[in-house]
Amino acid sequence: MSIVLELLGMNKIEENLINAINKALKTRFDFEASEGMVMVEIPKDKTNGDYSTNIAMRLTKVLSKRPQDIVNELKEELLKENKDIEAVEIAGPGFINFRMKKASLTSTIKTIIDAGDNFGQTDTNKGTKVCVEYVSVNPTGDIHPGHARGAAIGDSLTRMMKKTGYDVTREYYINDAGNQIDNLGRSIYVRYHELFGIEKPFPEDGYHAKDIIDLANYIKNEVGDKYVNVEYADCAQYFKETGTKLELDKLKADLELYGVEFDVWTSEKTLYARNLVLSALDKLKESGLLFENEGATWLRTTEYGDDKDRVLVKSDGSYTYFTPDISYHLDKFNRGHERLIDILGADHHGYIARLKAAVKALGKNPDNLDVIIVQMVRLLKDGEEFKLSKRSGKAIALRDIIEEAGVDATRYFFVSKAANSQMDFDIDVATKKSNDNPVYYAQYAHARMCSILKNDIAYEVKDVYPLIENDKEAQLLKQLNEFPNVIEECVEYQEPHRMCNYIQKLASLFHSFYNECKVIDRDNMELTKERLALVKASEIVLKNALYLIGVSAPEQM
RNA sequence: GUCCGAGUAGCUCAGCCGGAUAGAGCAUACGCCUUCUAAGCGUACGGUCGGGGGUUCGAGUCCCUCCUCGGACGCCA
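First things first, this report covers the structure right here in the doc. (Residues numbered from 1 in each chain as written. Chains lettered and ligands numbered in written order. Predicted model: local features only at pLDDT ≥ 70, side-chain atom pairs only at ≥ 80, totals over all residues. Heavy atoms only, no water.)

1. Looking at the sheet that holds strand β1 (residues 40–41)
Under the convention used in this document: Think of it this way: DSSP has to see at least two bridges between two strands before they count as a pair. Helix numbers and strand numbers start at the N terminus; a helix is a DSSP run of H or I with at least 4 residues, a strand a run of E with at least 2. Residues are treated as being in contact if the distance between any of their heavy atoms lies within 4.5 Å. Orientation is described by lines fitted to C-alpha atoms, with helices fitted over the stretch in contact, and by angles between N-to-C directions that extend from 0 to 180 degrees.
Taken together, 4 strands build an open sheet; the order of strands is β1-β2-β4-β3 and the sheet is antiparallel. The open sheet is flanked by β1 and β3 (85–91), the only strands paired with a single partner. Relative to strand β4 (residues 95–100), strand β2 (residues 51–53) runs antiparallel, the two sharing 3 bridges. Bridging across to β4, tyrosine 51 finds its partner in phenylalanine 98. Helix α5 (residues 67–81) rests against β3 and β4 of the sheet, and its axis sits at about 175° to β3.

Have a look at this one:
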């Protein structure tokens, strides 16, 4: 491990244990373990030591020995190799349990305090360019709970990816060129005329939501009666462009309020302007998978595992949604991204196969495109389901939820559950602002830490803390030490919700420590200064963890 | 019908790619503030991990099958 990594806060204790085990295996059995084969974990039951490994059980076949015999042969070597180990024991079906010297666990305090906001940062994926696309709500309406969930997951995941060294581009794809924009324009056009008392037929696929009337009002204020009784065809561009811009402004404002950011906003329209759609079609033509049928141009996606072939150019000459999206993905690769991640709603899952097939047809590796599907959110209010119709005009939008539950609770709620399981969003519970909400539990722990740190005694920074030896302290230390590992796992499995489990556990261990260990004791200043350092380290980690899920860390509550 | 996801405590959900007696929170019951924030801590109660087979030292986790729920199967986006 490099010096840089240590400064940044890699998990030294576990790394050293793994190294010792690997060395002992080599020395005693001449066995070279593959990367990642030896793993250590913190046993659920603390009577099983500070750390444990299942390597003895995994090697029974390879070495043709019983776990007990393996451990007996390794034991001395391990103690010799790693001086931080207090004792090595075998337990259960063949776990090797390690009890660590108390002082060695405390070395993590200095590591954390020195690293500060950077604790948890590693360079595991350093330099890898990756593009993550999420939200991408059409500029025709509001952000709804399903989108809000994807936004929370995407934003949190990208924050974590950066922590592991990824060069992340956070990207939003603006669908500002399809049929839906025409429907938007027509809908505003009709509402605009209604404001002048003129009835026009509402478009069949129009948007009935109230905010369309707001847009019409805005336009009326801007241009007065300029477009009254002008044929739609003659002012379509104005209504489409103005509507798109206003809707997009609203989306941006809502996302900013929500703490969700993007580096690049890519407009579908500019894909055409930059000629990317045609050049993508040319590229597909080279693949030999394009064919004509009934006046339309198709891509033979079945060649690469899709259920059926897909239309790219309709018989009327216009493109399907798929076509510019293909060129968009090609562009993302061409901009130097080694990996692409799309975070899509569950209703898009059927889209994955054709998208991957298209990527393959473009000569790119479909394995470099990951699609995370975020399952549906069912809205409940007064025990009844709320339909998530964008056009019903009565669906609840992100900003309504934020208004009632706050950004922190909303983001926590959405990110805390695995993306691939459906969830119910009970408005009544989410807006209750009661102690039921786990976000308060974690924030309260942080406020408590800050409260303790606000006094005239300074915490002490040193290599080891000999007075910190209480069992609650040891558990807290081990949890703090886990933080970089948790980030890595969240990123590796693309499951940011694991961070919430970590946060709850950390908060719980801290509250428990708080109740058992009085930190400030003016009759024992040495212990006080050491414990204050532990509290400071806890505060740093909890704040960093909350940041990764976009939740604030209040200093008082 | 085909494909994808889900099914774990009364409720909401975890379960770290096969490990130790399956865990939290809420709810219920009982304890703990003259002490750094009681939005807290502790104890108890609560489970045929949807059903049935299989793989092996070992399965909530992997394979097969069936059941239930949600979603997707457009020249819509």
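2. Here's the deal with the side chain of aspartate 306
Note the cut-off: For the purposes of these results, a polar contact is taken to be a pair of N or O atoms within 3.5 Å, where, inside protein, one atom must be able to donate a hydrogen and its partner to accept one; residues adjacent in sequence count only when each atom of the pair is a side-chain atom.
Among the secondary structure elements, aspartate 306 is positioned in the loop between β9 (296–299) and β10 (310–313). At a separation of 2.9 Å, a polar atom in the side chain of aspartate 306 contacts the side chain of threonine 301. Only 2.8 Å separates the side chain of aspartate 306 from the side chain of arginine 310, close enough to count as a polar contact. Those residues in contact with aspartate 306 that lie beyond four places of it in its chain are Thr301, Ala353 and Arg354.

3. Quick word on the protein's contact with RNA strand B
Filter applied, for reference: To be near a molecule or strand, a residue needs just one of its heavy atoms within 4 Å of it. Residues are sorted three ways: Asp, Glu, Lys and Arg are charged, Ala, Val, Leu, Ile, Met, Phe, Trp, Tyr, Cys and Pro are nonpolar, and all the rest, Gly among them, are polar.
Close contacts around RNA strand B come from 64 residues, with Phe95, Gln180, His349, Arg448 and Ser451 the closest. Counting only the atoms of RNA strand B that lie within 4 Å of the protein, the sugar and phosphate share comes to 61%. Contact between RNA strand B and aspartate 424: a phosphate oxygen at 3.4 Å from a main-chain N or O atom of the residue. Looking at the surface near RNA strand B, its residues break down into 23 nonpolar, 25 polar and 16 charged.

4. Section: helix α16 (residues 398–405)
As a reminder of what qualifies: For each residue, the accessible area found with a 1.4 Å probe, counting protein chains only, is set against the maximum for its type, and the residue is called buried under 20%, exposed over 50%, and partly exposed in between. The arc in question is the one spanned by the directions pointing from the helix axis to the C-beta atoms.
Within α16, burial applies to Leu398, Ile401, Ile402 and Ala405. When α16 is viewed along its axis, its buried side chains cluster within an angular range of 100° and face the same direction. Looking at the buried positions of α16, the neighbouring elements they touch are α8 (145–163), α11 (232–258), α17 (407–415), β15 (423–426) and α18 (427–430). Immediately downstream of α16, the backbone of glycine 406 shows phi near 85°, a positive value.

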